[in-house]
Amino acid sequence: MSSAAWITSLSCSSLVIESSKETSISVIFQWLRFIFLCPCPQRALFSAVDLLFLLTLVCFAVYKLYSRFSGGSSDINKPLIRSNRAMHRTSIWFKLSLIVTVVLASFYTIICILAFSRISQEPWKQVDGIFWLVQAITHAVIAILIIHEKKLEAVNHPLSLRIYWIANFVIISLFTASGIIRVVSVETNQNQILRLDDIVSLVSSPLSVLLLLVAIRGSTGITVTRQPEPVMDEGEAKLYGPLLSKSNISGMLQLLWYRRPFGSG
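Residues numbered from 1 in each chain as written. Predicted model: local features only at pLDDT ≥ 70, side-chain atom pairs only at ≥ 80, totals over all residues. Heavy atoms only, no water.

Participant: Explanation requested: the overall build of the chain in the structure shown.
Facilitator: Counting secondary structure elements, the chain contains 9 helices and 2 strands. Counting over 265 residues, the chain shows a buried share of 34%. Intrachain contacts of the chain at a sequence separation of at least 6 include 77% that bridge at least 24 residues. Roughly 17,200 Å² of accessible area belongs to the chain as shown, and the carbon and sulfur atoms make up 68% of that amount. (Helix = DSSP H or I, 4+ residues; strand = E, 2+ residues; numbered from the N terminus. Buried < 20%, exposed > 50% of the residue type's maximum accessible area, 1.4 Å probe, protein only. Contact = heavy atoms within 4.5 Å. Areas by Shrake-Rupley, 256 points an atom, 1.4 Å probe, with all protein chains shown as cover.)

Quick look at the structure:
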């Protein structure tokens, strides 16, 4: 096997590792090279990170639903209408994280369609298509999560999302490193699938850097300001003080009773 064959092999088998007459350090180096820089293990590693992140979100959503239904209706004591209005402002960091995620989701969706529509009977076609499908779904879910953060008035991104962005940057960097090695050491008759990988890596790499900065910063870029509640003057406080000192329901009934016209039954 040539010295550059391992970087272009689409096989998921470890046979690309040449362990004969090699020292233990060299074998370990070849294993690390196979796991982190070969196309098939890279896809397996990337998909595992995505699936673990999606599983974390599903478990969290199930936990929140369970807590809501098992904890009783705790919202019954909350007012139906808030007395102060919240004003939401989003900085460039919120817009940046949302736009980059939407771009990546759209980009991966196009690559997924191209992978499944490729005229090929090789098993790698299905593997490649499923890999890009997982990428597209993951980033679409992240885009929905970022939009939902504004509704929840979240100040910081969830820790799981920040960890995913950091891991995503590391793995895309590995894809980029593999692409650079292929460009330097492989002849021009490179596999079209791997050439597409290199293009995707070059596009995704700067975007992953932006998401890495967002993950390190942690803040969503959402600022919430509320208008102060109206304050009653001294005359209104004396007039409505007895009503406000009691419960809302009894106070409302008293107010309606005082406003009944004289002479009614």
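Participant: I would appreciate a short explanation of helix H3 (residues 39-70) in the present structure.
Facilitator: Since the α-helix packs 3.6 residues into each turn, any two residues three or four apart lie on the same face. The end-to-end C-alpha separation of H3 is 46 Å, in line with the 46 Å expected for 32 residues at 1.5 Å each. Those residues of H3 that fall on the buried side of the exposure criterion are Pro-39, Cys-40, Pro-41, Gln-42, Arg-43, Phe-46, Ser-47, Asp-50, Phe-53, Leu-54 and Leu-57. (Expected span 1.5 Å × (residues − 1).)

Participant: How should I be thinking about the pattern of salt bridges in this particular structure?
Facilitator: Note that side chains of opposite charge can pair when their charged atoms are close. Summed over all chains, the structure comprises 1 salt bridge. Residues Arg-43 and Asp-128 are paired through a salt bridge, measuring 2.8 Å at the closest nitrogen-oxygen approach. With Arg-43 in helix H3 and Asp-128 in helix H5 (residues 123-151), the pair connects residues that are 85 residues apart, well separated along the chain. This pair shows no difference in class: Arg-43 is buried, exactly as Asp-128 is. (Salt bridge = Lys/Arg side-chain N within 4 Å of Asp/Glu carboxyl O.)

Participant: Looking at this model, I keep getting lost on unusual backbone geometry. Mind explaining?
Facilitator: Backbone geometry follows two general trends: most residues other than glycine have a negative phi, and most peptide bonds adopt the trans configuration. You will see that Glu-153, though not glycine, has its phi angle at about 60°, which is positive. By the element assignment, Glu-153 lies in the loop between H5 and helix H6 (159-185). For Glu-153, a relative accessible area of 22% corresponds to the partly exposed category.

Participant: Is there a simple way to think about the side chain of Thr-101 in this case?
Facilitator: With respect to the helices and strands, the residue Thr-101 is situated in helix H4 (residues 92-116). Its relative accessible area of 1% is what places Thr-101 among the buried residues. For Thr-101, the residues in contact, after removing those within four places along its chain, are His-139, Ile-142, Ala-143, Ile-146, Trp-165 and Leu-211.

Participant: Where do I start with the environment of Asp-197 in this structure?
Facilitator: With respect to the helices, strands and loops of the structure, Asp-197 is situated in helix H7 (residues 192-217). Take Asp-197: its relative accessible area is 2%, and that puts it in the buried class.

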